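Examining the three-dimensional arrangement
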Amino acid sequence: MLVTYDVNTETKAGRRRLRRVARTCLDFGQRVQHSVFECEVDPAQWAMLRAALLGEIDLACDSLRFYALGRNGRSRVEHIGAKATLDLAGSIIL
């Protein structure tokens with residue numbers, strides 16, 4: 001799932017919403033651009049992520065966009081530039 005958002009940050013409350021939306025997305029995926037996250041989620045995780053994000057934004061001045069990439073979505077993504085893409089399906093060595 002590709003999650004994008006635009007949060008109005010003209011007020012203190014808006015800046016707080018922006019931080020909360022970003023933290024919520026970080027719980028489920030990786031940031032690929034400032035307001036864009038790639039999230040590999042199963043249906044239950046997707047329902048939790050969506051509900052959490054809807055609970056954070058102000059529908060009158062913020063927006064969310066969700067793009068379902070499907071099973072072959074990662075193979076259709078081309079990345080050029082800084083911030084190498086993390087392979088969420090691969091091994092993690094600490």
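Please read these numbers as outputs of a predicted model, since none were measured by experiment.

What counts, and at which threshold
Residues numbered from 1 in each chain as written. Predicted model: local features only at pLDDT ≥ 70, side-chain atom pairs only at ≥ 80, totals over all residues. Heavy atoms only, no water. Pairing = 2+ DSSP bridges. Helix = DSSP H or I, 4+ residues; strand = E, 2+ residues; numbered from the N terminus. Axes fitted to C-alpha atoms, helices over the stretch in contact; angles between N-to-C directions. Contact = heavy atoms within 4.5 Å. UniProt positions renumbered as here; feature names shortened; annotations may be inferred. Expected span 1.5 Å × (residues − 1). Buried < 20%, exposed > 50% of the residue type's maximum accessible area, 1.4 Å probe, protein only. Arc of directions from axis to C-beta. pLDDT = per-residue confidence, 0-100.

1. Some points on the sheet that holds strand S3 (residues 36–39)
Sheet architecture is open: four strands sit in the order S2-S3-S1-S4, paired in antiparallel fashion. In the strand order of this sheet, the two ends are held by strand S2 (29–33) and strand S4 (63–67), each with one partner. Along the sheet, successive strands turn relative to each other by an average axial angle of 25 degrees, direction set aside. Where strand S1 (residues 2–6) and S3 come together, three bridges link them in antiparallel fashion. Following the sheet pairing, Thr4 is matched in S3 by Val36. Helix H1 (residues 12–26) contacts S1, S2 and S3 of the sheet and is inclined by roughly 175 degrees relative to S1. Contacting S1, S3 and S4, helix H2 (residues 43–56) runs over the sheet at an angle of about 165 degrees to S4.

2. So, the environment of Cys25
Within the element layout of this structure, Cys25 appears in helix H1. Counting along the chain gives 13 residues from Cys25 to Glu38, while the straight-line C-alpha distance between them is 8.6 Å.

3. Some points on the UniProt feature "binding site: Mg(2+)" (unreviewed entry) in the chain
Following the UniProt record, one finds the feature "binding site: Mg(2+)" (unreviewed entry) at Asp6. Relative to the helices and strands, Asp6 resides in strand S1. With sequence-adjacent residues up to four places away left out, Asp6 is seen in contact with Asp62 and Ser63.

4. A look at H1
In this model H1 runs 21 Å from its N-terminal to its C-terminal C-alpha over 15 residues, within 8% of the 21 Å that 1.5 Å per residue would give. Among the residues of H1, Gly14, Arg17, Val21, Ala22, Thr24 and Cys25 are the ones counted as buried. Relative to the axis of H1, the buried residues are bounded by an arc of 160 degrees and lie together on one face. Looking at the packing, one finds that the buried side of H1 touches S1, S2, S3 and H2.

5. Some details on the confidence of the model for the chain
Across the chain, the average pLDDT comes to 84, with 74% of residues at 70 or higher. At the low end of the mean pLDDT range in the chain sits S4, at 91; at the high end sits H1, at 96.

6. A word on the pairing of S2
Across four bridges, the pairing between S2 and S3 is antiparallel. Looking at S3, one finds that Gly29 is bridged to Cys39. Where S2 folds back on S3, the antiparallel hairpin that results is connected by two residues.

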